[in-house]
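# A structural walkthrough
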Amino acid sequence: MPELAELIRQRNFNGLKEILCGFPAPDIAEIFVDLKPDDEAVLLRLLPRELATEVFEYLPLDDQEKLLHALGSEQVAQILNDIAPDDRTALLQELPAAATQKLLALLSPEERKIATELLGYPKNSIGRRMTPRYVAIQQNWTVAEVFAELRKQNHKRDAMNQLYVTDSKGRLVDFRAPARHRGFAAADFGVGASGEPADFLRATDDQETAVAAFKKYDVTMLPVVDSGDVLVGVVTVDDVLDVAEREATEDIQKLGGVAALETSYLKTGIFEMVKKRAPWLAVLFIGEMFTSVAMQNYGGEIQEVVVLAFFVPLILSSGGNTGSQATSLIIRAMALQDVLLRDWWKVLRRELATGVLLGGILAVVGMARVFLWQFLHLAGPAGYGANYGMLSLTIGVSLVCVVLWGSLVGAMLPMFLRLIRLDPAVCSAPFVATLVDVTGIVIFFNVAKHILHL
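What counts as what
Residues numbered from 1 in each chain as written. Predicted model: local features only at pLDDT ≥ 70, side-chain atom pairs only at ≥ 80, totals over all residues. Heavy atoms only, no water. Helix = DSSP H or I, 4+ residues; strand = E, 2+ residues; numbered from the N terminus. Buried < 20%, exposed > 50% of the residue type's maximum accessible area, 1.4 Å probe, protein only. Contact = heavy atoms within 4.5 Å. Pairing = 2+ DSSP bridges. Expected span 1.5 Å × (residues − 1). Core = buried A, V, L, I, M, F, W, Y, C linked by side-chain atoms within 4.5 Å. Phe/Tyr/Trp six-rings, centres within 6.5 Å; stacked < 30°, edge-to-face > 60°. Lys NZ or Arg CZ within 6 Å of the ring centre and 35° of its normal. Axes fitted to C-alpha atoms, helices over the stretch in contact; angles between N-to-C directions.

## Considerations on the overall build of the chain
A count of helical and extended segments in the chain gives 19 helices and six strands. A total of 454 residues make up the chain; the buried ones form 43% of that total. Intrachain contacts of the chain at a sequence separation of at least 6 include 66% that bridge at least 24 residues.

Spelled out as structure tokens, the structure:
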């Protein structure tokens, strides 16, 4: 980077071109990210046309947008016409409508038609992730006719690892890899079809369904059809990986009690970050207010046995942490389809057993803590009083109850949200912890009332 920066300052274009052309496109894109948009524009102009287009495709969307402003109209038109249709759609859909229209005007009639069609699909649908660059052959063709079509479509060489078989109306019948298919060995062998239904995606389906489909079928490319089963494009695994990464990032952010960020952390402005985090914090703050209200309702019990107040944080944190664990595990299991709604009874039974065991472990530790502090005189001159044994039992029983409750709430709440067709990730770990805090106070003091006869 220091060498490149110095060459840019000296305007040593020959040296810059020689260095950059020695790197693959992904590495050049990584270098560009650390540069100013004007410097990026200078370097992009130095690269051969094909390499420049490939580098542009690897840049983050924010950098692509800034680079378009820094480049001249002629080079912008060149790049937009050359990049893959799915990458171009990803860029255009993030721009304001006026900017998108200006850029569409720079495209050739053929590419403008493709771009308009892809943008016509719903946002976050598979249609916006697909590319129409595929090779289709008809099921009644001979292999000689197939080879003639392949020579005609030679400019789509990258798309020839899968050939898509359609009927006379363009409906998908089958797809196959020509290099592995013995039928292509004989020039007079008809293409036909395998007789098995082809695996495909629907253009209007949510793009998240593509992730599950690629995992299920273990492929690198899947065809996309419209409502009439007509083949309209293909989706490749690199686009699906982008979707999987984005969806996982959104879920993790929601689990932390933050609205999903539109851009990366460092590129999100301070005010935008506050806007994403403040609503959840306000909700959690209001929720914690109910904790203090609940404690006020048990003011008499606290005055009678002041030592109970010392154990409130211990009880609440144990329940909240257990609930957060259960929530994180169940949400991730649901995202991986390891747990389905019909498995709610299995989840309930598992969390009942797990909650009791976890609560029992913490109860032993909590009770031991009371006895240890009492005998080592770490609880003050008076210790925990004459009834420290009953206090220890209160702590133990409360921990079992609160931890069990936290496990059940943390596990079942995401499943309830899925049942009412809401995103389970909305059930964030802080939200569950706050909910268990409020109810944990009630559980703790009710246990204390019955055991200590308050």
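More follows now that the structure is in view.
## Considerations on the pairing of strand β2 (residues 163-166)
Neither face of β2 is open: one carries Leu 163 and Val 165, the other Tyr 164 and Thr 166, and all of them are buried. By the bridge criterion, four bridges tie strand β1 (residues 135-138) to β2 in an arrangement that is parallel. Bridge pairing in β2 links Val 135 to Leu 163.

## Observations concerning the side chain of Thr 166
Here Thr 166 shows up in strand β2. Its relative accessible area of 7% is what places Thr 166 among the buried residues. Those residues in contact with Thr 166, other than ones at most four positions away along the chain, are Ala 136, Ile 137, Gln 138, Gln 139, Arg 171, Leu 172, Val 173 and Leu 231.

## A few points about helix α13 (residues 237-255)
The terminal C-alpha atoms of α13, which comprises 19 residues, lie 27 Å apart, in line with the 27 Å expected from a rise of 1.5 Å per residue. Burial in α13 covers these residues: Asp 239, Val 240, Val 243, Glu 247, Gln 253 and Leu 255. Those residues of α13 hidden inside the fold are in contact with α8 (85-92), α12 (208-217), β6 (231-236), α16 (312-335) and α19 (429-452). Just downstream of α13, Gly 257 is the residue with a positive phi angle, here 80°.

## Some remarks on the nonpolar core
With 36 residues, the main nonpolar core has Leu 20, Phe 32, Leu 43, Leu 44, Leu 47, Val 55 and Phe 56 as its most contacted residues. With five residues, the single largest contributor to this core is helix α3 (residues 25-33). Those residues in contact with Val 55, other than ones at most four positions away along the chain, are Ala 25, Ile 28, Ala 29, Phe 32, Leu 44 and Leu 47. Core analysis: the second largest hydrophobic core is formed by 22 residues, Val 436, Phe 445, Ala 448 and Leu 452 among them.

## Observations concerning the packing of aromatic side chains
Considering all chains together, one arrives at three aromatic pairs under this definition. Measuring from centroid to centroid gives 6.2 Å for Tyr 134 and Tyr 164, while their planes differ by 85°, and the two rings are edge-to-face. Taken together, the residues span a long stretch of sequence, with Tyr 134 in the loop between α10 (109-119) and β1 and Tyr 164 in strand β2 at a distance of 30 residues. Residue classification places Tyr 164 among the buried residues on the basis of a relative accessible area of 0%. Between the aromatic rings of Phe 444 and Phe 445, the centroid separation amounts to 5.2 Å while the plane-to-plane angle is 45°, which identifies the pairing as tilted. This pair shows no difference in class: Phe 444 is buried, exactly as Phe 445 is. Directly above the aromatic system of Trp 373 lies the positively charged group of Arg 369, at a separation of 4.5 Å from the ring centroid.

## Some points on the sheet that holds strand β5 (residues 221-225)
An order of β4-β5-β6 is seen for the three strands of this open sheet, with the pairing classed as mixed. The outermost strands of the open sheet, each flanked by one partner alone, are β4 (201-202) and β6. Direction of pairing for β5 relative to β6: antiparallel, over a ladder of five bridges. The partner of Val 224 across the bridge, within β6, is Gly 233. Relative to the sheet, α12 contacts β4, β5 and β6, its axis offset from that of β5 by approximately 130°.

These figures come from the coordinates and say nothing about function on their own.
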